[in-house]
Amino acid sequence: MRRARVLQGQPSQQTGVSVSLPSPLGGWNARDSEAAMASTDAITLDNWFPDVGRVRIRNGDTSYATSVGDSAVPTLAEYHFGATKKFIAAGSGSIYDITGGGSATPIATGFAVNRWQTTPFNNRLLMFNGTDTAQSYNGTSITAAGWTGTGLDATKLIQGAVWKQRAFAIEDGTLSAWYGAVGGITGSMAELDLSEYANGGTLKSVGTWSRDQGDGPDDLLVFLTTAGQALIYSGSGPEETDFGLVGIYQFPPPVGNRCMVSIGGELVIITSGGFFPMSSALAQQFMDQSMAISDKIRGAVRVAAQDNASLFGWEGVYIPGESKLVFNVPNSPTTFVQFVRNTITGAWCRFVDRNMLTQAISNGVLYGGGFGGNVWRLDDGTIDTSQTVTAIRAEARMAFNNFGVPGQQKRVTAVRPYLSAAGTLRYSVGFDVDFTRRALEASLHTVQSDGTPWEEESVLWESWDVPWGTGGGSISQWVSFGVMGRWLSLHMLASTSIAVEWFSTDILGIPGGTR
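Because the structure is predicted, anything quoted here is derived from the model rather than measured.

Asks: Give a detailed account of the overall build of the protein, specifying residues and quantitative values.
Replies: A count of helical and extended segments in the protein gives 1 helix and 44 strands. Taken over 515 residues, the protein has a buried fraction of 56%. Considering only contacts within the protein whose residues lie at least 6 apart along the sequence, 61% involve residues at least 24 apart. Surface exposure of the protein reaches about 19900 Å², of which carbon and sulfur atoms provide 47%.

Asks: Got a sec to walk through the layout of surface pockets? Specific residues and values, please.
Replies: Rolled over the atoms, a probe sized like a water molecule indicates the empty space that remains. One number sums up the size of the largest pocket: a volume of about 1500 Å³. Thr118, Thr119, Pro120, Met260 and Ser262 are, among the 44 residues lining the largest pocket, the residues nearest its centre. Secondary-structure elements contributing two or more residues to the lining of the largest pocket are strand S8 (75-81), strand S13 (117-121), strand S18 (157-163), strand S23 (203-209), strand S27 (260-263), strand S28 (266-271), strand S30 (315-319) and strand S34 (358-362). Partitioned by chemical class, the residues of the lining of the largest pocket number 18 nonpolar, 19 polar and 7 charged. Roughly 320 Å³ of internal volume is contained in the second largest pocket. Contributing to the lining of the second largest pocket are 18 residues, with Arg115, Gly256, Asn257, Leu311 and Phe312 lying nearest its centre. In terms of residue class, the lining of the second largest pocket is made up of 8 nonpolar, 6 polar and 4 charged.

Asks: Quick one: what's the story with the sheet that holds strand S19 (residues 166-171), residue by residue and with numbers?
Replies: With respect to topology, 4 strands assemble into an open sheet ordered S18-S19-S20-S22, the strand pairing being antiparallel. Unpaired on one side and paired on the other, S18 and strand S22 (190-193) mark the two borders of the sheet. Each adjacent strand pair in this sheet contributes to an overall mean axis angle of 30°, direction not counted. Two strands pair when backbone bridges link them, and S18 and S19 are joined in this way by 6 bridges, in the antiparallel orientation. Opposite Val162, over in S19, you have Ala167 as the bridge partner.

Asks: Go over the sheet that holds strand S16 (residues 142-144) with me, naming the residues and quoting the values.
Replies: The strands that make up a sheet pair up through hydrogen bonds in the backbone, lying either parallel or antiparallel. In spatial order, the strands read S13-S14-S15-S16; together these 4 strands make up an open sheet with antiparallel pairing. Looking along the sheet, the strands with just one partner apiece sit at the ends: S13 and S16. The sheet shows a mean angle of 30° between the axes of neighbouring strands, direction not considered. Here strand S15 (residues 135-137) runs beside S16; their pairing, made up of 3 bridges, is antiparallel. Among the inter-strand pairings, Tyr137 is bridged to a residue of S16, identified as Ile142.

Asks: Can you tell me about the pairing of S30, naming the residues and giving the values?
Replies: Burial along S30 is one-sided: the face carrying Glu315, Val317 and Ile319 is buried and the face carrying Gly316 and Tyr318 is not. Note that S30 and strand S31 (residues 324-330) share 5 bridges and pair antiparallel. When the sheet's bridge partners are listed, Ile319 is paired in S31 with Lys324.

Asks: An account of the packing of aromatic side chains is requested, with residue identities and associated values reported.
Replies: For the coordinates displayed, the defined rule picks out 21 aromatic pairs. Over the ring of Phe351 we find Arg58; its NZ or CZ atom is 5.8 Å from the centre of that ring.

Asks: Break down the pairing of strand S44 (residues 500-511) for me, with residues and values.
Replies: Burial analysis of S44 places 10 of its 12 residues in the buried class, which makes it a mostly covered element. Pairing of strand S2 (residues 17-22) with S44, which is carried by 6 bridges, proceeds in the antiparallel orientation. Residue pairing for S44: Val17 is matched across the bridge by Gly509. Pairing between strand S6 (residues 55-57) and S44: 2 bridges, direction antiparallel. Residue pairing for S44: Val55 is matched across the bridge by Trp502. Taken together, the 11 bridges between strand S38 (residues 410-421) and S44 define a ladder with antiparallel strand orientation.

About the cut-offs
- Residues numbered from 1 in each chain as written.
- Predicted model: local features only at pLDDT ≥ 70, side-chain atom pairs only at ≥ 80, totals over all residues.
- Heavy atoms only, no water.
- Helix = DSSP H or I, 4+ residues; strand = E, 2+ residues; numbered from the N terminus.
- Buried < 20%, exposed > 50% of the residue type's maximum accessible area, 1.4 Å probe, protein only.
- Contact = heavy atoms within 4.5 Å.
- Areas by Shrake-Rupley, 256 points an atom, 1.4 Å probe, with all protein chains shown as cover.
- 1 Å grid on protein atoms, 1.4 Å probe; cavity = no way out; pocket = protein on both sides within 12 Å on 5 of 7 lines; lining within 4 Å.
- Points joined across faces, edges and corners; volume = space filled by probe spheres on them.
- Nonpolar A, V, L, I, M, F, W, Y, C, P; charged D, E, K, R; others polar.
- Pairing = 2+ DSSP bridges.
- Axes fitted to C-alpha atoms, helices over the stretch in contact; angles between N-to-C directions.
- Phe/Tyr/Trp six-rings, centres within 6.5 Å; stacked < 30°, edge-to-face > 60°.
- Lys NZ or Arg CZ within 6 Å of the ring centre and 35° of its normal.

Structure follows, in structure tokens:
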């Protein structure tokens with residue numbers, strides 16, 4: 001391939017055919033053959049979020065809180081009852097108040113484990129970790145929850161949920177669930193023995209499934225075992241005559257203790273075979289991969305689970321204000337990526353260079369627990385303050401495309417990405433050819449935004465019917481090429497500290513070229 005260069009006007013090669021490709025709005029595809037993907041899909045989509053009508057480079061992060069101990073921060077939780085809102089974090093054997101940001105204030109110390117699962121109930125935040133005695137936070141102080149019960153080891157309570165105004169908790173390594181009195185935040189708990197129905201394994205998680213996006217009489221109680229069985233109960237409470245087992249449904253084995261994610265009225269289960277909505281359980285007894293919301297990235301989920309299912313960090317968080325569903329995925333004990341879904345379009349991407357052990361929302365804002373006692377405000381700004389290299393590196397490899405003539409050679413002479421950027425953008429663009437990866441040039445193209453938003457350009461955009469951005473100026477310069485093949489995959493790479501959106505790309509080529 002000859003060296004690509006930026007052309008200030010039209011390319012010198014005027015003959016041939018010009019086609020326009022939308023940006024990879026279909027998102028990341030880790031399921032289909034590279035020859036069978038839709039033209040708007042991407043083989044790689046790292047740090048590009050597939051929004052409505054365009055893809056955009058994800059936002060960065062800024063420092064929020066420090067001195068949450070001096071090592072990992074694996075727990076963040078919001079306390080919100082009435083007008084009182086607090087934000088807490090756990091690290092180095094202590095629990096800290098980080099409500100105001102800045103240097104954290106310890107409120108409880110002396111714990112053996114920092115990985116707490118939390119459940120809000122009756123003006124308290126109940127906290128479980130399977131090693132330390134369960135705790136209770138009232139917005140000011142943290143004390144032992146004081147749960148007791150015949151045969152109960154309160155230090156083994158590892159996760160809780162609230163159903164029918166009762167606190168439920170599961171005992172780690174057993175098939176025993178425990179529940180308190182109506183409205184009770186301490187005191188005696190009764191056992192609910194699930195060994196009669198579970199087919200092996202132990203309890204992994206407990207949660208509730210609303211189905212109607214609210215707390216109502218038809219809410220269901222869901223227990224999940226390490227073997228992937230979901231035991232679903234209905235009724236008015238465990239001591240009422242209408243309490244009973246609705247059904248037992250089989251999922252792949254769940255991954256991590258934080259394997260349940262509530263999204264409105266839906267409950268999503270994180271498993272080794274994908275991320276499954278609980279509503280799919282009603283469709284058939286055994287879950288097929290195609291029923292997972294992660295079906296389109298099933299290959300990536302499967303590999304991640306095979307390699308790292310035992311590592312801490314698997315969890316999900318729903319960000320309704322940004323239509324994002326974010327799944328944290330560990331690559332190692334200290335490195336993490338996020339599989340991110342646009343909840344409007346269903347398109348996926350992957351966030352990289354965001355090493356957070358946990359993510360949580362407080363007061364509508366997304367935060368991440370990192371290392372060195374640091375908590376970061378995520379999706380804030382345009383640089384990664386948490387990383388050594390602060391510029392955000394965004395890479396996209398679009399689906400291979402034969403442009404309707406799979407057996408014919410095509411010679412690309414120039415490309416013109418349509419971008420919007422809030423300043424000067426440096427990027428690389430190239431092509432993978434005939435299912436063979438090709439390295440991009442080391443040098444980046446530098447282009448300057450003209451300051452004009454796309455909706456003010458003299459181009460007929462009405463047929464797109466999408467809300468164009470207004471935060472940056474338009475960039476649309478030709479880059480000359482000399483690449484030839486039957487199947488071509490557009491490869492875009494940007495390393496930037498500014499906001500960037502990508503709408504489409506014009507490709508100028510000559511069909512029927514020879515080698």
